[in-house]
Amino acid sequence: MTATVDPATKQRARFVVLYDRPSDVDAFERHYNDVHIPLAKQYPGLRRYTRSHEPAAVIGEPCYMVVMLDWDDLAALEAALGSEVGRRTAEDAAANLARYATFRGMILQLDEV
């Protein structure tokens, strides 16, 4: 008998980053793809890493890119952000991505309704 996983128990915490249009799109994308993604994919417990370029704004100002990283729960997300990889990823964003684009991040606790 195989166990089935209830979909409601997956990806219960999410880290979302919104990037404004970079001043140098090519340099931003090159660094993001070649350095930042491989680094961030090392987060402990990371379940999924997705992004959307130039999402359609329905309310408010548009942004260039939205990135979503998912963990099983808030404790796992917070542990990942506080890990050595988490510190290196944050330092990379501050030192390298911030020179091209303003960005903001938020932690979401996902509740099934």
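Residues numbered from 1 in each chain as written. Predicted model: local features only at pLDDT ≥ 70, side-chain atom pairs only at ≥ 80, totals over all residues. Heavy atoms only, no water.

Novice: Residues and numbers for the packing of aromatic side chains, please.
Specialist: Using the criterion set out here, one finds six aromatic pairs in the structure. Here Phe28 and Tyr64 contribute two aromatic rings whose centre-to-centre distance is 6.0 Å and whose plane-to-plane angle is 85°, an arrangement assigned as edge-to-face. Of this pair, Phe28 sits in helix 1 (residues 25–40) while Tyr64 sits in the loop between strand 2 (48–53) and strand 3 (65–71), and the two are 36 residues apart along the sequence. The exposure class assigned to Phe28 is buried, which follows from its relative accessible area of 0%. Judged by its relative accessible area of 5%, Tyr64 falls in the buried class. Seen from their ring centres, Tyr43 and Trp71 are 5.4 Å apart, and the 70° between their planes marks the pair as edge-to-face. Of this pair, Tyr43 sits in the loop between helix 1 and strand 2 while Trp71 sits in strand 3; the two residues are 28 residues apart in sequence, bridging distant segments of the chain. Residue Trp71 is classed as buried on the basis of its relative accessible area, which comes to 0%. A network of ring pairs unites the aromatic residues Tyr19, Phe28, Tyr32, Tyr64 and Phe103 as a single cluster. (Phe/Tyr/Trp six-rings, centres within 6.5 Å; stacked < 30°, edge-to-face > 60°. Helix = DSSP H or I, 4+ residues; strand = E, 2+ residues; numbered from the N terminus. Buried < 20%, exposed > 50% of the residue type's maximum accessible area, 1.4 Å probe, protein only.)

Novice: Just give me the short version of the packing of helix 1 against helix 3 (residues 84–97), but keep the residues and values in it.
Specialist: When two helices pack together, their arrangement is captured by the angle between the axes and the distance separating the axes. Between helix 1 and helix 3, whose axes approach to 10 Å, the crossing angle comes to 170°. If you check the angle between helix 1 and helix 3, you find them roughly antiparallel. On helix 3, the residues that touch Phe28, His31, Tyr32, Val35, His36, Leu39 and Ala40 of helix 1 are Val85, Arg88, Thr89, Asp92, Ala93, Asn96 and Leu97. When the residues that make up the contact of helix 1 with helix 3 are grouped by side-chain class, the tally is eight nonpolar, four polar and two charged. (Axes fitted to C-alpha atoms, helices over the stretch in contact; angles between N-to-C directions. Parallel < 35°, antiparallel > 145°, perpendicular 65-115°, else oblique. Contact = heavy atoms within 4.5 Å. Nonpolar A, V, L, I, M, F, W, Y, C, P; charged D, E, K, R; others polar.)

Novice: I'd like to hear about the UniProt feature "domain: EthD" (unreviewed entry) in the protein, residue by residue, with values.
Specialist: According to UniProt, the feature "domain: EthD" (unreviewed entry) maps to residues 24–95 in the numbering used here. End C-alpha to end C-alpha, residues 24–95 measures 15 Å, and it is 51% helix and 18% strand. (UniProt positions renumbered as here; feature names shortened; annotations may be inferred.)

Novice: So what about the sheet that holds strand 1 (residues 13–19)? Which residues, and what values?
Specialist: Sheet strands pair via backbone hydrogen bonds, and the direction of the pair is either parallel or antiparallel. Taken together, four strands build an open sheet; the order of strands is 2-3-1-4 and the sheet is antiparallel. At either margin of the open sheet sits one strand with a lone partner, and together these are strand 2 and strand 4 (103–109). Neighbour-to-neighbour, the strand axes of this sheet turn through a mean angle of 15°, independent of strand direction. With seven bridges joining them, strand 1 and strand 4 adopt antiparallel strand pairing. Pairing of Phe15 across the sheet is with Ile107, part of strand 4. Helix-sheet contacts for helix 1 involve strand 1, strand 2 and strand 3, and the interaxial angle to strand 2 is about 165°. (Pairing = 2+ DSSP bridges.)

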